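# Chain and residue survey
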Amino acid sequence: MSDKKNETSSGIEIKEVYTSCNPMQELPAEFPFTRGIQKDMYRGRLWTMRQYAGFSTAAESNKRYHYLLQQGTTGLSVAFDLPTQIGYDSDHDMADGEVGKVGVAIDSLKDIEELFDGIALEKITTSMTINATAATLLAMYIALAKKQGADLAKISGTIQNDILKEYAARGTYIYPPKASMRLITDIFEFCAKEVPKWNTISISGYHIREAGSTAVQELAFTLANGKAYLKAALDKGLDINVFAKRLSFFFNCHNNFFEEIAKFRAARRMWAKITKELGATDTRAQQLRFHTQTGGSTLTAQQPINNIVRVTNQAMAAVLGGTQSLHTNGYDEALSLPTEEAASIALRTQQLIAHESGVTQTVDPLAGSFFVESLTDEIEIAAQKYLDKIDALGGSVNAIEQGYIQNEIAAAAYDYQKAIESGEMIIVGVNKFTADEKVNPEVFRVDDNIRIEQTEKITKLKAERNNKEVALRLTALKTAAKGKDNLMPFILASVEVYATLGEIADVLREVFGEY
């Protein structure tokens, strides 16, 4: 891409970077990275185009992955069902009614083998939206990479692994905060040695925003959680110049075009200052890398085709804000999991922005806009006030335990809903410009028999595996959990002999308890 001539449709050459005549003007790839973390941004390499997919069984999800890869997706993003997210096998009573519904059901390494059948893990990047059971899912992914003969130094991707936002906004936690933070820092330490290209956490503002926060709150609470992870890793004795390079962020992109762009610019600047204050001297350890997903809560069930325009608006803001990776929602996701048609349109939206809009031809094209620069500053000031308040409360963990963050999000969500109901905020097709026509779009439904199928697979697995070896590995994990050893090697050893996700989670429940 970099040797391609960059010019407008009129033949006007587009420079790589524009600055004013002021020699002190900040440049991209320079601290504090307001203008972007790469010198040439999308002129050198486009963002990774991800499509979030996962439903019913591993075999069904695998078909969708192959379809998306054929359509031009450059990275996979895996959705897991709720039982997988909270450490229950599909045959558990608590899994009834939820197996395969909001994502793919993963009970053991067998399912991961099926999920990525025919896909070389060395050649793709995989993002996994998983938190409480992130260590187990990552272990399964590593175990499969080893079976494929992959060089572990080359496999790359991201686990979300951000448990603090689960306590604050989403709810799929298992263990108490301290035990959860131990698992997270164990992953940091293990991956730095064994899978150095893996992003060990994706600190998520996405779910904070989906719960109803404002843009400023999303930024502030996400960075506060990030700061807590930095401090936890430093307390464990890890080198910030090593582990901070593998941290990434996951932001929402809502409808207010310029606010979202300014939010992303402010995020880079604020994170650079936070990491520097905590001792990071390596440039890459100071840089905020982020994935963006368009706003799920902005999608409407009414006039769903309008969502294509919303998603385009949001995706463009993410690109202008300098995202490294992007997922665009399907227009029908307010109604069901996305159909193939909706997923294809969502991907084409990214490709159109990348190859037809011209916005990728220069770095930070909105820099110097009086509005954008002023808004970036104002968002930083407002977010910093929240960070100062959270610091005064003793950090994110204390702020969550005291209910401060949850209460702030709830108040913002209430105000937002009131504004919609009063008509102060217009949602096209919902509270204005409504239509009487009845639309019956095709929706994607998951078969309720998935649980029976998964249960049969678990029964067969337990009959065929070496159960004595499984018991030995799980006992070793339990002993390690009671001590201070890094738990990742023990979890990896357990999944390699086909211990199930639920069995591993139950061992840790016994030692850590439930929150």
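Here's what I pulled together on the structure shown here. It should be emphasised that the depicted structure is a prediction, and the values quoted were computed from it without experimental measurement.

### Observations regarding the overall build of the protein
Along the backbone of the protein there are 20 helices and nine strands. Its C-alpha radius of gyration of 23 Å places the protein within 12% of the 24 Å reference for a compact globule of 515 residues. Structurally, the protein occupies a C-alpha span of about 70 × 60 × 50 Å along its principal axes. When burial is assessed residue by residue, the protein has 57% of its 515 residues classed as buried.

### Quick look at the pairing of strand β2 (residues 75-79)
Within β2, five of the five residues are buried, which leaves it mostly tucked inside the rest of the structure. The two faces of β2 match: G75, S77 and A79 on one face and L76 and V78 on the other face are all buried. As paired elements, β2 and strand β3 (residues 125-129) share five bridges and run parallel to each other. The residue bridging G75 from the neighbouring strand is T125, located in β3.

### Considering helix α17 (residues 450-464)
The end-to-end C-alpha distance of α17, which contains 15 residues, comes to 21 Å, matching closely the 21 Å that a straight helix rising 1.5 Å per residue would cover. Three or more residues of α17 are buried, namely I450, Q454, I458 and L461. For α17, the angular spread of buried residues about the axis comes to 70 degrees, placing them on one side. In α17, the exposed residues that point more than 90 degrees away from the buried face are E456, T459, K460, A463 and E464. Buried residues belonging to α17 abut α3 (109-115).

### Let's talk about the packing of helix α18 (residues 467-482) against helix α20 (residues 501-512)
How two helices pack is summed up by the angle between their axes together with the distance between the axes. Contact pair α18 / α20: the axes reach a minimum separation of 9 Å and the direction vectors enclose 30 degrees. Viewed along their axes, α18 and α20 form a crossing whose handedness is right-handed. From α18, V470, L474, L477, K478, A481 and K482 reach across to α20, where they touch E503, I504, V507, L508, E510, V511 and F512. Looking at the contact of α18 with α20 residue by residue, the classes come out as nine nonpolar, no polar and four charged.

### Comments concerning the packing of helix α4 (residues 134-147) against helix α19 (residues 488-496)
Where α4 meets α19, the axes come as close as 9 Å, and the angle between the chain directions of the two elements is 60 degrees. Judged by the angle between their axes, α4 and α19 are oblique. The handedness of the crossing between α4 and α19 is right-handed. Seen from α4, the contacting residues are A135, T136, L138, A139, M140, I142, A143 and K146; seen from α19, they are M488, I491, L492, V495 and E496. Along the lines of polarity and charge, the residues of the contact of α4 with α19 split into 10 nonpolar, one polar and two charged.

### Description of the packing of aromatic side chains
Per the counting criterion, the structure on display carries 19 aromatic pairs. Ring centres of F249 and F251 lie 6.0 Å apart, and the angle between their planes is 5 degrees; this geometry places the pair in the stacked category. Neither F249 nor F251 differs from the other in exposure class; each is buried. When the ring of F258 is compared with that of F371, the centres are 5.2 Å apart and the planes differ by 65 degrees; the resulting orientation is edge-to-face. Residue F258 is found in helix α10 (residues 257-277), and its partner F371 is found in helix α14 (residues 370-392); the two are separated by 113 residues along the sequence. Take F258: its relative accessible area is 32%, and that puts it in the partly exposed class. By relative accessible area, which is 45% here, F371 ends up partly exposed. Positioned over the ring face of Y498 is K110, at 5.2 Å from the centre of the ring. Positioned above the aromatic ring of F31, the side-chain terminus of K276 is 4.4 Å from the ring centre.

### Comments concerning a nonpolar patch on the surface
Together, I426, V428 and F433 make up an exposed nonpolar region whose accessible area comes to about 280 Å². One can find I426 in the loop between α16 (404-422) and α17.

### Things to note about the pattern of salt bridges
Under the counting rule described, the total for this entry stands at 30 salt bridges. Across the salt bridge formed by R182 and D186, the nearest N and O atoms sit 3.8 Å from each other. Taken together, the positions of R182 and D186, both in helix α6 (residues 177-194) and four residues apart, correspond to about one turn of that helix. Of the two residues, R182 and D186, neither departs from the other in class, the shared state being buried.

### Quick notes on unusual backbone geometry
Only a minority of non-glycine residues have a phi that is not negative, and only a minority of peptide bonds are not trans. Backbone torsion omega between F31 and P32 reads 5 degrees, so that peptide bond is classified as cis. As for its placement among the helices and strands, P32 is situated in the segment before β1 (48-53).

### Some words on the pairing of strand β7 (residues 247-253)
Counting buried positions over the seven residues of β7 gives seven, a clear majority of the element. Burial along β7 is two-sided: the face carrying L247, F249, F251 and C253 and the face carrying S248, F250 and N252 are both buried. Summarising the sheet, strand β6 (residues 201-204) and β7 pair through four bridges and their orientation is parallel. Within β7, the residue paired with S204 across the bridge is F250. Where β7 meets strand β8 (residues 290-294), five bridges bridge the pair, whose relative direction is parallel. Its bridge partner being in β8, F251 is matched across the sheet by T292.

Analysis parameters
Residues numbered from 1 in each chain as written. Predicted model: local features only at pLDDT ≥ 70, side-chain atom pairs only at ≥ 80, totals over all residues. Heavy atoms only, no water. Helix = DSSP H or I, 4+ residues; strand = E, 2+ residues; numbered from the N terminus. Rg over C-alpha atoms; globule rule 2.2 N^0.38 Å. Buried < 20%, exposed > 50% of the residue type's maximum accessible area, 1.4 Å probe, protein only. Pairing = 2+ DSSP bridges. Expected span 1.5 Å × (residues − 1). Arc of directions from axis to C-beta. Contact = heavy atoms within 4.5 Å. Axes fitted to C-alpha atoms, helices over the stretch in contact; angles between N-to-C directions. Left-handed = near helix turned anticlockwise from the far one by under 90°. Nonpolar A, V, L, I, M, F, W, Y, C, P; charged D, E, K, R; others polar. Parallel < 35°, antiparallel > 145°, perpendicular 65-115°, else oblique. Phe/Tyr/Trp six-rings, centres within 6.5 Å; stacked < 30°, edge-to-face > 60°. Lys NZ or Arg CZ within 6 Å of the ring centre and 35° of its normal. Patch = residues over 30% accessible without salt bridge, like charges linked within 9 Å, V, L, I, M, F, W, Y side chains within 5 Å. Areas by Shrake-Rupley, 256 points an atom, 1.4 Å probe, with all protein chains shown as cover. Salt bridge = Lys/Arg side-chain N within 4 Å of Asp/Glu carboxyl O.

Functional significance is not addressed by these values, which are geometric in nature.
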